[in-house]
Amino acid sequence: MVSLAFHDVSHTYEGSGRVVRALDALELEVAAGEPVSVIGPSGCGKSTLLLLAAGLLVAAAGRVEVGGALVAGVRRETALILQDYGLLPWKTVAENAGLGLQVRGVARDERGARVAQALERVGIADFAHAYPGELSGGMRQRLALSRAVALDADLLLMDEPLSALDALTREDLQDVLLGLWQRRGHTAVLVTHSIEEAVYLGRRIVVLSPRPGRVAAVVDNAAMGSDGYRSSSAFYERCAQLRELLAGEGAVHPGTALETPVTVQS
Amino acid sequence: MNAVRWALGYVGAIAILLLAWGAVAAAVGSPALPGPAVALEAFVTLWPELWPEILVSLARVLAAMALGTVFAVPAGLALGRSARADAVFAPLIFVLYPIPKVVFLPVLLVLLGLGNTPKIVLIGMIVFFQILVTARDAAKSVPQASVLSVRSLGASRWQVARHVVFPAALPEIFTALRIGTGTAIAVLFLAESIAGSNGIGWYIVDAWGRIDYPAMFAGILAMALLGVVLYELLDLLETRVTRWRVAGQ
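Here is what the cut-offs are and how they apply
- Residues numbered from 1 in each chain as written.
- Chains lettered and ligands numbered in written order.
- Predicted model: local features only at pLDDT ≥ 70, side-chain atom pairs only at ≥ 80, totals over all residues.
- Helix = DSSP H or I, 4+ residues; strand = E, 2+ residues; numbered from the N terminus.
- Buried ≥ 20, exposed ≤ 12 C-beta atoms within 10 Å, placed from the backbone.
- Contact = placed C-beta atoms within 7 Å.
- Pairing = 2+ DSSP bridges.
- Axes fitted to C-alpha atoms, helices over the stretch in contact; angles between N-to-C directions.
- Parallel < 35°, antiparallel > 145°, perpendicular 65-115°, else oblique.
- Left-handed = near helix turned anticlockwise from the far one by under 90°.
- Nonpolar A, V, L, I, M, F, W, Y, C, P; charged D, E, K, R; others polar.
- pLDDT = per-residue confidence, 0-100.

J.: How should the overall build of chain A be read in this particular structure?
T.: Within chain A, the regular secondary structure consists of eight helices and 10 strands. If one aligns the C-alpha atoms of chain A with their principal axes, the spans along those axes are about 50 × 45 × 35 Å. Split into buried and exposed, the 266 residues of chain A put 47% on the buried side. The long-range fraction of contacts in chain A, counting pairs at least 24 apart against all pairs at least 6 apart in sequence, stands at 71%.

Here you go:
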């Protein structure tokens, strides 16, 4: 497993005549194999944080390190899962799941075996030859996850992966995510707007301040992942604590899930 | 079931067309506008001399469309994805695009002779610009999330083009091709009727000169057939390569 660290990281976007400061002197360390949730008000730079960690953006200032090494471009064992799944509608389920392997030049036979196993693990093996357009929202998100599973990623970066799903499907997928982490033990950063999701899936919960984003608070959540955690009183207390913290940050009201999308130049 | 409905639609459309044609021909009452019965009879009896001309014309249009597409798609996609290249070339394209390329026919005939080359080049040019502009716009509107998600997998620029930009632009490229078919055949008729001694365009004008109106109409029918065949070929190809679009509905 691999650690992730942000040291004194600042980032600004320039465009259409104005400068937006997304992150300001961010300090954050994620231990190897640790699942961390990141939560904060709209536009606090949460997505920027993930793009920096994925090597798709270069920080204007400061150091982003994965496994102690400076991030300089896309890393083979890092998987990024985006809000709208990032699936390609013209590729079948199996082709989508195996795209990362294909791009990395993994031979067809090995690719087939790993894809089959990954689809099995996220529970959509029966749909290998369907197109994403034929899947429900929950199944599409499972497919997006299967890409990371097929890659055997040791660092999973997720940008509100479940925000478009209905409540039941969402809890279902949270369990899938938890199961994958318990099995693989990867390092995980989950950006979310949902307090319950942050508490259910983060061993530590990082609260960011309004733009420009800094770490406003870190909540330890050692009971995460224990049996029946979702219905335990500890879970509800943690949620209440987090809600209070966020209200203190002044920008999040429970139930709102709005964020100005961050645009990135390719 | 779909094939049956498709065939029924075609038969119905042709029946309506023939009825309207017959009515207009009867009303006009001129030998220059024979009714469908006369034209169809001529088409059947003249088929042995018509089909080689159809093949010549078909080959010219196909070659021109292939040539135009092969150059336009990569160029258009590159412009759509590279702001720097677009800044340089887009103004040039917008100046050239509205110029009716057909006015260059005389120039091409002088420079390239009376054979296949000037006709293919002219039609190819027209198709090139239509596809170029479409491919550029389509590449521009590729969702950034798709590009990012594939880049995060470690894809190179070339792999992004192959897995994301090209397939995303395909439906719009096909639409441009189908619209281009009509223009291509119209220009083909003009080019063949002005210069050369073969092709359906030449055949129509030649029959006209001989005041052989049934033969002229047999040629017109052949030209119509050419258009329908091309259009259906493109449709078939599109359904083949963009199967995923039907799957989601």
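That was the structure; now back to the text.
J.: Would you take a moment to explain the sheet that holds strand 2 (residues 18–30) of chain A for this structure?
T.: What links the strands of a sheet is backbone hydrogen bonding, and the strands pair in either a parallel or an antiparallel sense. All names here are of chain A. A sheet is described by the order of its strands in space; here four strands give the open sequence 2-1-4-5, paired in antiparallel fashion. Only two strands of the sheet have a single neighbouring strand rather than two, namely strand 2 and strand 5 (69–70). The sheet contact formed by strand 1 (residues 4–15) and strand 2 spans nine bridges and is antiparallel. Note that in strand 2 the partner of Glu14 across the bridge is Val19. Along the sheet, helix 1 (residues 46–54) makes contact with strand 1, strand 2 and strand 4 (61–66), crossing strand 1 at roughly 115 degrees.

J.: I would appreciate a short explanation of the packing of helix 7 (residues 144–151) of chain B against helix 8 (residues 157–194) of chain B in the present structure.
T.: Between two packed helices, both the angle of their axes relative to each other and the distance between the axes serve to describe the pair. Residue and element names in this part refer to chain B. Put simply, helix 7 and helix 8 touch, their axes get as near as 10 Å, and they point 160 degrees apart. For the element pair helix 7 / helix 8, the angle class is roughly antiparallel. Along this stretch, helix 7 crosses helix 8, giving a crossing that reads as right-handed. Listed contacts from helix 8 to Ser146, Val147, Val150 and Arg151 of helix 7 are Val160, His163, Val164 and Ala168. Looking at the contact of helix 7 with helix 8 residue by residue, the class counts come to five nonpolar, two polar and one charged.

J.: What am I meant to see in the pairing of strand 3 (residues 35–39) of chain A here?
T.: Each regular strand shows side chains that alternate between the opposite faces of the sheet. Residues and elements named next belong to chain A. Most of strand 3 is tucked away, with five of its five residues classed as buried. Examined bridge by bridge, strand 3 and strand 8 (residues 187–191) share four bridges and lie parallel to one another. When the sheet's bridge partners are listed, Pro35 is paired in strand 8 with Ala188. As paired strands, strand 3 and strand 9 (residues 204–208) are joined by four bridges and run parallel to one another.

J.: Would you explain the interface of chain A and chain B in this entry?
T.: When the parts of a complex come together, some accessible area is lost, and that lost area is often used as the size of the interface. Taken residue by residue, the interface counts 21 residues in chain A and 19 residues in chain B. The greatest single-element share of the side of chain A that touches chain B, amounting to three residues, is contributed by helix 3 (residues 99–103) of chain A. Here the residues of the side of chain A that touches chain B are counted per class, giving 12 nonpolar, five polar and four charged.

J.: Would you take a moment to explain the confidence of the model for chain A for this structure?
T.: Chain-level statistics for chain A give a pLDDT mean of 86 and a share of 93% at 70 or above. Between residues 251–266 of chain A, whose pLDDT stays under 50, and residues either more than four places distant or in other chains, the model counts 23 contacts.

J.: Can you help me understand helix 1 of chain A in this one?
T.: Along an α-helix, residues three or four apart share an orientation, since each turn contains 3.6 residues. Residue and element names in this part refer to chain A. Across the nine residues of helix 1, nine count as buried, placing the element largely inside the fold. The complete set of buried residues in helix 1 reads Lys46, Ser47, Thr48, Leu49, Leu50, Leu51, Leu52, Ala53 and Ala54. After helix 1 finishes, the residue Gly55 shows a positive phi value of roughly 80 degrees.

J.: I'm lost on the packing of helix 5 (residues 105–112) of chain B against helix 6 (residues 116–140) of chain B in this one. Help?
T.: Residues and elements named next belong to chain B. One can describe the packing of helix 5 onto helix 6 by two numbers: an axis separation of 9 Å at closest approach and a directional angle of 145 degrees. The way helix 5 lies across helix 6 gives a crossing that is right-handed. Across from Leu105, Leu108, Leu109 and Leu112 in helix 5, the residues of helix 6 making contact are Thr117, Pro118, Val121 and Leu122. Counted by class, the contact of helix 5 with helix 6 contains seven nonpolar, one polar and no charged residues.

J.: What's the story with the sheet that holds strand 7 (residues 155–159) of chain A in this structure? I'm lost.
T.: Residues and elements named next belong to chain A. Read across the open sheet, the six strands follow the order 6-7-8-3-9-10; overall the sheet is mixed. On the outer flanks of this sheet lie strand 6 (78–81) and strand 10 (215–220), each paired with one strand and no other. Strand-to-strand, the axes of this sheet are offset by a mean angle of 15 degrees, without reference to chain direction. Helix-sheet contacts for helix 5 (residues 137–151) involve strand 6 and strand 7, and the interaxial angle to strand 6 is about 180 degrees.

J.: Would you mind showing me how to read the confidence of the model for chain B here?
T.: Low pLDDT marks stretches whose predicted atomic positions should not be read closely. The share of residues in chain B with pLDDT of 70 or more is 99%, and the mean pLDDT across the chain is 92. Per the prediction output, this complex has pTM 0.79; the corresponding ipTM is 0.76.

J.: Would you mind showing me how to read unusual backbone geometry here?
T.: Trans peptide bonds make up the majority, and among non-glycine residues the majority have a negative phi. Of note, Ala25(A) is a non-glycine position whose phi angle comes to about 45 degrees, a positive value. Counting through the fold element by element, Ala25(A) comes out in strand 2.

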